[in-house]
Amino acid sequence: MKKSLLFFFSLLLIPFQTNGQANDMEAAIYNIGIGAAFSTIGAVINKKPNEQIEKVILKGLWQGGSGGYVTFESKRLLRSAQEQENWNYYWPAKLVNAAGTSIKETAALNQNFWEIWHINIGFNRIEFHTKDKFIVRYKLMPVALVYTIGAVFRYDFDINIL
């Protein structure tokens with residue numbers, strides 16, 4: 001009981017504004033490291049029987065790390081947008097983030113990073129397959145759709161941006 005109370009009161013000492021990472025270097029290391037680790041695990045899971053495990057691990061590490069770095073750069077773009085109060089950065093940041101996520105996902109699937117690209121807009125997923133011929137596929141994400149429908153009934157939207 002005493003430990004629970006001590007824990008609860010120690011939460012009150014936390015400042016109201018906290019940052020996830022102390023600086024850009026720390027944030028970059030987290031994004032690159034997590035991208036590399038999860039992509040490598042996925043690549044090993046999706047390894048073809050005739051592939052060497054060492055090559056699959058190295059490919060997962062470098063592709064996942066590269067995707068993590070691209071994702072980190074999208075977050076820096078968002079920070080610039082917030083600091084400069086400039087909406088023109090939001091869509092480029094979304095596109096850069098989608099590229100980073102696509103690179104990490106294809107690494108986890110043990111594929112080359114240029115084979116599949118995607119972007120999520122709300123509950124819509126648009127995929128671009130580029131391996132043999134260019135194909136565009138649309139997917140509806142049902143869980144995101146349910147949350148969107150719920151948000152429509154829970155919140156008031158102010159469309160007046162100006």
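Look above for the structure.
Residues numbered from 1 in each chain as written. Predicted model: local features only at pLDDT ≥ 70, side-chain atom pairs only at ≥ 80, totals over all residues. Heavy atoms only, no water.

(A) Just the side chain of Thr106, in detail. Position of Thr106 relative to the elements: it lies in helix α4 (residues 90-108). Residue Thr106 is classed as buried on the basis of its relative accessible area of 2%. Here Thr106 is in contact with Gln63, Gln111, Asn112, Phe113 and Ile116, once residues within four sequence places are set aside. (Helix = DSSP H or I, 4+ residues; strand = E, 2+ residues; numbered from the N terminus. Buried < 20%, exposed > 50% of the residue type's maximum accessible area, 1.4 Å probe, protein only. Contact = heavy atoms within 4.5 Å.)

(B) Structural detail: the sheet that holds strand β2 (residues 124-129). Spatially, the 3 strands line up as an open sheet ordered β1-β2-β3, and their pairing is antiparallel. Single-partner strands in this sheet number two, and they are β1 (116-121) and β3 (135-140). Looking at each pair of strands side by side, their axes are set apart by 20° on average, direction ignored. Where β2 and β3 come together, 6 bridges link them in antiparallel fashion. Opposite Ile126, over in β3, you have Tyr138 as the bridge partner. On the sheet, α4 packs against β1 and β2 and is oriented at approximately 135° with respect to β1. (Pairing = 2+ DSSP bridges. Axes fitted to C-alpha atoms, helices over the stretch in contact; angles between N-to-C directions.)

(C) Representation of the pattern of salt bridges in the model. Taken as a whole and assessed by the stated rule, the structure comprises 5 salt bridges. Here Arg125 ties to Glu105 by a salt bridge, and the two come within 2.9 Å at their closest N and O atoms. With Arg125 in strand β2 and Glu105 in helix α4, the pair connects residues that are 20 residues apart, well separated along the chain. Among the residues examined, Arg125 registers a relative accessible area of 15% and is labelled buried. Take Glu105: its relative accessible area is 31%, and that puts it in the partly exposed class. With a shortest N-O distance of 3.3 Å, Lys139 and Glu127 are connected by a salt bridge. Of this pair, Lys139 sits in strand β3 while Glu127 sits in strand β2, and the two are 12 residues apart along the sequence. Residue classification places Lys139 among the partly exposed positions, given a relative accessible area of 40%. Salt bridges sharing common partners tie together Glu105, Arg125, Glu127 and Lys139. (Salt bridge = Lys/Arg side-chain N within 4 Å of Asp/Glu carboxyl O.)

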